[in-house]
Amino acid sequence: MEMITNHMPTAELQALDAAHHVHPFSHQDELAAKGARVITRAKGVTLVDSEGIEILDAMAGLWCVNIGYGREELAEVAARQMKELPYYNTFFQTTHVPVIALSAKLAELAPGDLNHVFFGGSGSEANDTNLRLVRTYWAQKGKPEKKVVISRHNAYHGSTMAGASLGGMSGMHAQGGLPIPDIHHINQPNWYTEGGDMDPAEFGIKRAQELEKAILEMGEDRVAAFIAEPVQGAGGVIVAPDTYWPEIQRICDKYEILLIVDEVICGFGRTGNWFGSQTLNIRPDIITIAKGLSSGYAPIAASILSDEVAEVINATEFNHGYTYSGHPVAAAVALENLRILEEENIIETVREDTGPYLKEKWESLADHPLVGEVKIVGMMGSLALTPDKATRAPFKTDPGTVGFKCREHCFANNLIMRHVGDRMVISPPLVITKAEIDTLIERARKALDLTLVQLKKEGLFK
Ligand code: PXG
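This write-up is about the structure you can find in this document. Just so it is clear, the model here is predicted, and its values are computed rather than measured. (Residues numbered from 1 in each chain as written. Predicted model: local features only at pLDDT ≥ 70, side-chain atom pairs only at ≥ 80, totals over all residues. Heavy atoms only, no water.)

**Focus on helix α14 (residues 328-343)**
The first and last C-alpha atoms of α14 sit 22 Å apart over 16 residues, in line with the 22 Å expected at 1.5 Å per residue. Residues P328, V329, A330, A331, A332, V333, A334, E336, N337, L338, I340 and L341 constitute the buried set of α14. Those residues of α14 that are buried are in contact with α4 (72-84), α5 (97-109) and α15 (346-363). (Helix = DSSP H or I, 4+ residues; strand = E, 2+ residues; numbered from the N terminus. Expected span 1.5 Å × (residues − 1). Buried < 20%, exposed > 50% of the residue type's maximum accessible area, 1.4 Å probe, protein only. Contact = heavy atoms within 4.5 Å.)

**Focus on the pattern of salt bridges**
Within the structure shown, the criterion is met by 24 salt bridges. Across the pair K143 and E256 runs a salt bridge whose closest N-O atoms are separated by 2.8 Å. Remark: E256 occurs in the loop between α11 (244-254) and β8 (258-262) and K143 occurs in the loop between α6 (123-140) and β5 (148-152); sequence separation between them is 113 residues. Judged by relative accessible area, E256 falls into the partly exposed class, the value being 35%. Among the ionic pairs, E210 bridges to R207, the shortest N-O distance being 3.4 Å. Residue E210 and its partner R207 are located together in helix α10 (residues 200-218), separated by 3 residues, close to a single helical turn. Classification of R207 as buried rests on a relative accessible area of 11%. (Salt bridge = Lys/Arg side-chain N within 4 Å of Asp/Glu carboxyl O.)

**Focus: the packing of aromatic side chains**
Counted by the stated rule, this structure contains 8 aromatic pairs. Judged by centre distance (5.2 Å) and plane angle (65°), the rings of F268 and F275 are edge-to-face. Overall, F275 belongs to the buried group, its relative accessible area being 0%. Sitting over the ring of F411, R37 keeps its end group 4.9 Å from the ring centre. Seen from the ring of F411, R407 lies directly overhead, with NZ or CZ sitting 5.0 Å from the centre. (Phe/Tyr/Trp six-rings, centres within 6.5 Å; stacked < 30°, edge-to-face > 60°. Lys NZ or Arg CZ within 6 Å of the ring centre and 35° of its normal.)

**Examining the packing of α15 against helix α17 (residues 434-458)**
Packed helices, taken two at a time, are described by their axes: the angle between them and the distance between them. Contact geometry of α15 with α17 gives a least axis separation of 10 Å together with a crossing angle of 20°. By the criterion of interaxial angle, the relationship of α15 to α17 is roughly parallel. Like other packed secondary-structure pairs, α15 and α17 cross with a definite hand, here right-handed. For the pair α15 and α17, the contacting residues are D353, T354, Y357, L358, K361 and W362 in the first and K434, I437, D438, L440 and I441 in the second. When its residues are assigned to classes, the contact of α15 with α17 shows 6 nonpolar, 1 polar and 4 charged. (Axes fitted to C-alpha atoms, helices over the stretch in contact; angles between N-to-C directions. Parallel < 35°, antiparallel > 145°, perpendicular 65-115°, else oblique. Left-handed = near helix turned anticlockwise from the far one by under 90°. Nonpolar A, V, L, I, M, F, W, Y, C, P; charged D, E, K, R; others polar.)

**Some remarks on the side chain of T451**
In this structure, T451 sits in helix α17. Given a relative accessible area of 0%, T451 falls into the buried group. Non-local contacts of T451, meaning those with residues more than four positions away in its chain, are made with L370, V402, K405, C406 and H409.

**Quick look at the sheet that holds strand β12 (residues 380-385)**
If you trace the 4 strands from one edge of the open sheet to the other, you get β11-β12-β15-β14, paired in antiparallel fashion. Unpaired on one side and paired on the other, β11 (371-377) and β14 (418-420) mark the two borders of the sheet. Taken pair by pair, the neighbouring strands of this sheet meet at an average axis angle of 25°, ignoring direction. Judged from the 4 bridges that link them, β12 and strand β15 (residues 423-426) form a sheet pairing that is antiparallel. What sits directly across from A384, in β15, is R423. Packed on one face of the sheet, α15 meets β11, β12 and β15 and runs near 175° to β11. Where helix α16 (residues 401-412) meets the sheet, its contacts fall on β12, β14 and β15, and the angle it forms with β14 comes to roughly 180°. (Pairing = 2+ DSSP bridges.)

Here is the structure:
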């Protein structure tokens with residue numbers, strides 16, 4: 001890629017950024033002292049920074065740029081839609097062509113009888129919608145007391161009051177008075193850190209049965225729904241043992257509660273099928289979608305409801321909606337993104353070709369002295385770092401310290417790989433080629449090597 005320099009020098013951009021831009025999930029002062037890396041353009045899986053340096057984006061932005069960067073078709077569709085109808089709402093007895101077409105397309109793609117789409121602008125908004133919606137659903141059915149939503153520790157469902165409350169991130173709950181009432185968290189199916197001496201299959205059942213226990217303790221007449229990601233993303237790409245989801249499904253079938261599957265990361269090919277629910281054989285009543293819906297080219301999200309849920313909600317006025325629900329430009333961009341995913345067989349390629357290739361290469365990192373566990377489903381993977389493979393021990397320092405060091409080595413070597421605590425995670429654009437996968441693995445191994453050298457020096461690895 002040729003370098004473009006139609007911007008201020010990097011240092012000036014960083015100074016202005018530090019002076020006026022408040023970053024999400026960041027310690028502002030520490031970041032300001034260092035200077036944020038300025039990203040100026042991107043193509044395929046490659047970002048370019050303000051110094052012209054190319055970076056392999058193994059996170060697809062924030063798990064979202066599924067079709068890769070730089071697809072002109074989406075820019076053209078957006079421009080065309082902006083000229084024709086840049087905005088209109090669907091609140092007061094009106095609708096428009098992009099939102100109609102996208103709703104119908106999503107009904108066709110979504111599993112089972114998930115046929116009814118309520119739009120928002122972000123995954124957080126869609127989960128806010130879900131919370132109000134399931135409570136409204138039960139109130140409509142004459143059961144206003146059924147309002148508790150059960151979720152899981154270390155889940156991520158967004159950053160709004162409802163999203164962060166539904167999520168199970170302790171750092172988020174510690175700020176701003178969360179969680180809001182009537183959200184209950186059970187333990188996550190993270191065998192590696194919490195499984196102790198149990199074998200994974202037994203542990204999976206045990207963790208799933210915490211749902212049943214919670215329902216029985218609170219009373220079925222108080223529980224509205226259970227919400228979960230098929231594979232926990234922001235929690236560290238935690239893949240539940242095989243026994244977990246069938247048991248969760250059995251419990252959801254047995255008791256009268258709704259199952260909300262948060263497909264914000266797993267949707268649109270990430271796991272090798274259109275939806276994570278298909279990969280893991282889950283039958284949701286509601287799914288949350290965002291991110292890959294537009295490959296991040298426009299902010300758009302949705303809740304997709306089953307026929308039965310929609311039937312109940314449709315019989316009343318649901319007093320809920322966002323200015324940008326079903327935004328015509330975002331909807332048109334999403335449709336074009338779905339067309340590309342479909343016509344270029346991108347999801348099939350992940351399932352049958354590049355996904356298995358990435359899996360083989362990613363799993364080859366298991367021989368590294370720092371790596372205690374390797375997980376991968378489709379194109380989302382994780383490595384658990386440990387000073388002692390045999391015992392799966394944590395490091396003798398604050399959780400996340402080592403993960404952060406490894407992440408710094410990745411960043412310095414032009415690989416974007418995130419850390420969640422002491423797990424390293426990847427979620428590359430689905431269009432990543434085999435040659436690019438080789439580069440990803442090479443850089444990841446180099447970062448692990450450099451981390452190991454550093455840890456030995458610091459006495460954190462013997
Ligand atoms: N559900 C899931 C499963 C998500 O991963 C959301 C909901 C919220 O979506 P919005 O569009 O409101 O952000 C998410 C978002 C990270 C990271 O660091 C992950 C997300 C967002 C920001 C950072 O891994 N996931």
